[in-house]
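Commentary on secondary and tertiary structure
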Amino acid sequence: QVQLVESGGGLVQAGGSLRLSCLASGSNFRFSTMGWYRQAPGKQRELVAVISSAGSTKYADSVKGRFTISRTNAKNTVYLQMNSLKPEDTAVYYCNVLARITSATPWRAYWGQGTQVTVPS
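Now for a look at the structure at hand. Fair warning: this is a prediction, and the values are worked out from it, not measured in the lab.

What counts, and at which threshold
Residues numbered from 1 in each chain as written. Predicted model: local features only at pLDDT ≥ 70, side-chain atom pairs only at ≥ 80, totals over all residues. Heavy atoms only, no water. Disulfide = S-S within 2.5 Å. Helix = DSSP H or I, 4+ residues; strand = E, 2+ residues; numbered from the N terminus. Buried < 20%, exposed > 50% of the residue type's maximum accessible area, 1.4 Å probe, protein only. Core = buried A, V, L, I, M, F, W, Y, C linked by side-chain atoms within 4.5 Å. Contact = heavy atoms within 4.5 Å.

1. Examining the state of the cysteines
Tallied over the entire structure, the rule returns 1 disulfide. Covalently, Cys22 is tied to Cys95 through a disulfide, its sulfur atoms 2.1 Å apart. Given an S-S torsion of about -85°, the disulfide between Cys22 and Cys95 has left-handed geometry. Of the two residues, Cys22 sits in strand β3 (residues 18-25) while Cys95 sits in strand β9 (residues 91-100), which places them 73 residues apart along the sequence. Relative accessible area serves as the criterion here: at 0%, Cys22 is assigned to the buried category.

Here is the structure:
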């Protein structure tokens, strides 16, 4: 089974920074695209940023220029550096990873438990 352990959330004033981390583990699993999604109260979960195993990235327009996603393949860890945080960034942030055991099995998405980020207005 795949396990995702997130850390780094918290409360920060507007304009501040936070760094989220997500460690993926699972015996014999291989990991592909890793990313972060977020869900604010009363809203749907939305993509924040994703990064492929080759390092290609994609960001939501609302975070471009402020957030940076990165990963360490050797450690199966993905990071989200969040700068210039705004109140509208307040949400639960979820780590998402595509994983499979062998090339004969399909990629499957796994979710972390979520970590709260709060930016007071």
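From this point, the discussion proceeds with the structure in view.
2. Quick notes on the nonpolar core
Among the nonpolar cores identified, the biggest contains 31 residues, and Trp36, Leu80, Met82 and Tyr93 are the most heavily contacted of them. A per-element tally of this core places β9 first, with 5 residues. Discounting residues that sit within four places of it in the chain, Leu80 has contacts with Leu18, Arg19, Leu20, Trp36, Val48, Ala49, Phe67, Thr68, Ile69 and Tyr93.

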